[in-house]
Amino acid sequence: MCGIVGYVGGNSAAPILIEGLSKLEYRGYDSAGIVVWEENQLKLEKKLGRLSTLQESLQGIELNAKTGIGHTRWATHGRPSDVNAHPHSDCTGRFAVVHNGIIENYMELREWLQEQGHRFVSETDTEVLPHLVEQYYQGDLKEAVYKVIEKLEGSYAMVVISKDEPGRLVAARQDSPLVVGLGEGENFLASDIPALLKHTRNTLIIDDGEIVDLTAENVEISNGTGRPVEKQIFEVTWEESQAEKGGYEHFMLKEIYEQPRALRDTLSGRLSPESDRVVLNELNLDEETVKNINRIYVVACGTAYHAGLVGKSVIESLAKIPVEVDIASEFRYRKPLVGPDNLVMVISQSGETADTLAALREAKRLGAKTVAVTNVVGSSVSREADNVIYTWAGPEIAVASTKAYTTQLLCMYLLGIWLAQEKGALEQQEITDLLKELRELYVKAEVILDNDSTIQEASRQFADKENAFFIGRGLDYVVAEEGSLKLKEISYIHAEAYAAGELKHGTLALIEENVPVIALATQQHLYEKMVSNIKEVNARDASILALAMEGNKGIEKVADHTIYIPATHPMLAPILTVIPLQLLAYHVSVARGCDVDKPRNLAKSVTVE
Ligand code: AGP
């Protein structure tokens with residue numbers, strides 16, 4: 001997610017903007033920029049790279065401006081570059097805008113604006129905003145912003161500055177955080193509280209649909225109909241380090257709770273409302289190519305590999321194309337029978353994992369078409385693959401991957417449905433039913449997160465254990481693999497995932513009194529068999545935590561604790577089932593006093609083989 005800072009007051013704006021942006025660096029970004037009002041014009045500077053690069057470019061430029069906005073960009077639409085960095089301005093340089101979020105309908109807005117004569121210079125969705133302001137400006141910046149947001153679909157926290165209105169900033173919020181900082185003779189805007197703490201702890205939290213009209217002496221907030229909104233001052237008591245985590249104890253917990261937003265963002269712009277179909281404009285695979293794909297290879301590491309295992313089941317079921325899944329470090333050494341009629345998909349949150357990158361290069365050497373699923377625009381895999389599908393999860397800072405995984409799964413579903421559409425492998429009604437369920441996933445994820453206390457309670461029994469088993473069948477077995485990795489990597493408990501039907505072929509010998517077993521039973525067609533497997537471990541006095549879908553009966557009789565997830569299409573269940581497992585691992589790790597965000601021996605991106 002991007003960082004935003006705005007200032008109007010009696011001090012020099014530029015250093016305040018840069019300092020504020022530096023407090024948001026932890027979120028990850030690829031470029032930065034500021035714009036200030038000086039000598040009756042807007043002076044704008046923006047650079048690819050770190051804030052220090054921007055500061056170097058500002059050296060020697062005398063900036064006494066008292067009004068300005070700044071931005072650190074986490075690229076979603078348009079690769080990292082100087083021209084794609086924010087702020088963006090209109091054709092005349094009279095207006096400049098910074099933005100955090102995704103303008104879903106930016107393509108149609110861009111086309112319409114170009115028909116009106118506007119000229120675009122960047123690849124971003126954001127650049128439609130200053131041109132819209134220019135289009136609608138009739139002497140009042142706030143009035144213009146109101147007209148602009150009527151046109152927008154998607155998420156935004158945006159701040160606008162005008163050459164014609166010195167000492168004024170206008171901002172709007174929809175689904176992206178925006179905060180006002182209240183000072184003495186000065187006022188601030190930011191996407192995140194850490195940027196404000198050096199100057200003030202008195203803040204106003206802006207809500208969806210609200211517009212902020214900010215000067216040095218006055219802050220006016222109004223709702224979508226223009227009516228003034230009274231706000232309670234929120235006094236920030238957090239220390240800076242806690243503020244970076246948005247008030248959460250750890251980045252991992254913050255990122256677990258960001259999943260509903262990440263799912264919405266990753267879905268945005270990829271479901272066609274008119275035709276009720278998946279649209280993946282970023283894929284340059286024509287129908288003939290898709291028809292000739294006779295096998296798909298999915299190659300990844302760790303959690304991304306587990307996403308690939310779900311992808312196998314989903315793509316084979318929906319598109320009827322055989323899928324093989326490989327651990328990246330194994331793939332290139334097993335002499336894979338990959339050729340021009342294969343599609344090789346690499347999955348990588350960071351886009352920099354050495355094993356995955358090497359596998360991608362090997363697949364290309366063997367003549368396969370390639371697609372990368374990654375969370376980082378401009379990452380190595382995104383640059384080297386023939387096609388890229390981005391997860392728009394925002395920066396993932398905790399070593400343990402959570403929101404990247406669930407958005408990777410979402411991309412598996414989108415790709416599976418898209419391939420099925422291209423091959424005519426699904427009836428429209430089947431697609432419509434699946435898309436309806438996909439649209440509801442983020443709400444159901446919120447329901448699970450609201451139930452965190454139950455999961456925390458259930459996690460207590462694990463804190464003093466040294467072993468744990470995750471069992472499941474079908475997709476539940478695949479999710480059990482991810483649940484097992486989460487617990488292992490942040491609590492250091494030896495956890496193992498096992499196909500439930502396989503237990504009696506050896507591992508059952510390890511099950512004895514109080515051995516923790518997490519049993520996943522969300523796959524309706526396998527439910528009865530799972531209940532039987534749970535009875536097997538129950539008969540050995542295991543300590544059982546079961547996960548099932550609402551509406552399933554009887555499982556609570558054979559488990560010590562049962563956690564229910566909201567009912568959804570069994571194929572989509574993994575996105576929901578994994579959330580309690582992420583929370584379980586988190587709470588056990590905290591209870592054991594482990595370093596949740598930076599577990600021992602591990603790195604966020606493994607850039608060595
Ligand atoms: C996941 O919790 C781990 N941190 C690790 O397995 C990770 O998924 C793996 O290293 C792959 O990273 P990537 O997605 O950035 O390629």
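Computed from a predicted model, the values in this text were never measured in an experiment.

A.B. asks: It is not clear to me how the overall build of the chain should be interpreted in this structure. Could you clarify?
C.D. replies: Check the secondary structure of the chain and you find 20 helices and 26 strands. Computed over C-alpha atoms, the radius of gyration of the chain comes to 25 Å, within 12% of the 25 Å expected from 2.2 N^0.38 for 609 residues, which places it in the range of a compact globule. Oriented by its inertia axes, the alpha-carbon framework of the chain measures out at about 80 × 55 × 45 Å. Within the chain, the proportion of its 609 residues that are buried is 61%.

A.B. asks: Before we go on, may I ask you to explain the site of the ligand in this structure?
C.D. replies: S348, Q349, S350, T353 and E489 are the nearest of the 14 residues found near the ligand. T303 places a polar main-chain atom, nitrogen or oxygen, 3.1 Å from an oxygen atom of the ligand. Within the side chain of S350, one N or O atom sits 2.7 Å away from an oxygen atom of the ligand. Considering the ligand on its own, with 410 Å² of exposed area, one finds that the protein chains cover 91% of that surface. Secondary-structure elements contributing two or more residues to the shell around the ligand are helix 10 (302–319) and helix 17 (475–491).

A.B. asks: What should I look at first to understand the sheet that holds strand 5 (residues 88–89) in this one?
C.D. replies: In sheet architecture, strand pairing relies on hydrogen bonds along the backbone and comes in two forms, parallel and antiparallel. Pairing is antiparallel across the open sheet formed by 6 strands, whose spatial order is 5-6-7-8-12-13. Each edge of the sheet is formed by a strand with only one pairing partner; in this case those strands are strand 5 and strand 13 (219–222). Note: strand 6 (residues 95–100) against strand 7 (residues 156–162), 6 bridges, orientation antiparallel. Directly across from H99, in strand 7, lies its bridge partner M158. Across the sheet, helix 4 (residues 128–136) is in contact with strand 5, strand 6 and strand 7; its angle to strand 6 comes to roughly 140°. Sheet strands in contact with helix 5 (residues 141–151) are strand 6, strand 7, strand 8 (169–174), strand 12 (211–214) and strand 13, and its direction is about 145° off that of strand 7.

A.B. asks: Which parts of the structure should I look at to understand the pattern of salt bridges?
C.D. replies: On inspection of all chains with the given rule, the structure shows 36 salt bridges. Two residues, K231 and D207, come together in a salt bridge whose shortest N-O distance is 2.5 Å. One end of the pair, K231, is in the loop between strand 13 and strand 14 (234–235); the other, D207, is in the loop between strand 11 (202–205) and strand 12, with 24 residues separating them in the sequence. Overall, D207 belongs to the partly exposed group, its relative accessible area being 39%.

A.B. asks: Would you explain the pairing of strand 18 (residues 323–327) in this entry?
C.D. replies: A regular strand carries its side chains on alternate faces of the sheet. Bridge analysis of strand 17 (residues 295–300) against strand 18 gives 5 bridges, and the strand direction is parallel. Residue pairing in the sheet places I296 in a bridge with V323 of strand 18. Each parallel crossover has a hand, and the one from strand 17 via helix 10 to strand 18 is right-handed.

A.B. asks: Looking at this structure, how should I read the packing of aromatic side chains?
C.D. replies: Given two aromatic rings, one states the distance between the centres and the angle between the planes to describe the pair. As enumerated under the stated definition, the model contains 5 aromatic pairs in all. Aromatic pair W112 and Y136: ring centres 6.4 Å apart, planes at 20°, arrangement stacked. Pair noted here: W112 is in helix 3 (residues 106–115) and Y136 is in helix 4, with a separation of 24 residues, a long-range link. We classify W112 as partly exposed; its relative accessible area is 28%. Relative to Y257, the ring of Y248 has its centre 5.4 Å away and its plane inclined at 35°; by these criteria the two rings are tilted.

A.B. asks: In this structure, what is going on with the sheet that holds strand 14? I would like to understand it.
C.D. replies: The 8 strands lie next to each other as 3-2-4-1-10-9-11-14, forming an open sheet whose pairing is antiparallel. Only two strands of the sheet have a single partner each, and these edge strands are strand 3 (41–48) and strand 14. As paired strands, strand 9 (residues 179–182) and strand 11 are joined by 3 bridges and run antiparallel to one another. By the bridge assignment for strand 11, V179 is matched with I205. Packed on one face of the sheet, helix 2 (residues 51–58) meets strand 2 (31–38) and strand 3 and runs near 135° to strand 3.

A.B. asks: How do you make sense of the packing of helix 15 (residues 428–450) against helix 20 (residues 573–591) when you look at a structure like this?
C.D. replies: Each pair of packed helices can be described by the angle between their axes along with the distance between the axes. One way to put it is that helix 15 packs onto helix 20 with a least axis distance of 10 Å and a crossing angle of 25°. When the axes of helix 15 and helix 20 are compared, the pair comes out roughly parallel. You can see that helix 15 and helix 20 cross each other, and the crossing is right-handed. Contacts between helix 15 and helix 20 pair L441, K444, A445, I448 and L449 from the former with I575, L576, I579, P580 and L583 from the latter. Tallied by class, residues from the contact of helix 15 with helix 20 come to 9 nonpolar, no polar and 1 charged.

About the thresholds
- Residues numbered from 1 in each chain as written.
- Predicted model: local features only at pLDDT ≥ 70, side-chain atom pairs only at ≥ 80, totals over all residues.
- Heavy atoms only, no water.
- Helix = DSSP H or I, 4+ residues; strand = E, 2+ residues; numbered from the N terminus.
- Rg over C-alpha atoms; globule rule 2.2 N^0.38 Å.
- Buried < 20%, exposed > 50% of the residue type's maximum accessible area, 1.4 Å probe, protein only.
- Near = heavy atom within 4 Å.
- Polar contact = N/O pair within 3.5 Å; in protein donor to acceptor, adjacent residues only side chain to side chain.
- Areas by Shrake-Rupley, 256 points an atom, 1.4 Å probe, with all protein chains shown as cover.
- Pairing = 2+ DSSP bridges.
- Contact = heavy atoms within 4.5 Å.
- Axes fitted to C-alpha atoms, helices over the stretch in contact; angles between N-to-C directions.
- Salt bridge = Lys/Arg side-chain N within 4 Å of Asp/Glu carboxyl O.
- Right-handed = clockwise from strand over helix to strand, strands pointing away.
- Phe/Tyr/Trp six-rings, centres within 6.5 Å; stacked < 30°, edge-to-face > 60°.
- Parallel < 35°, antiparallel > 145°, perpendicular 65-115°, else oblique.
- Left-handed = near helix turned anticlockwise from the far one by under 90°.
- Nonpolar A, V, L, I, M, F, W, Y, C, P; charged D, E, K, R; others polar.

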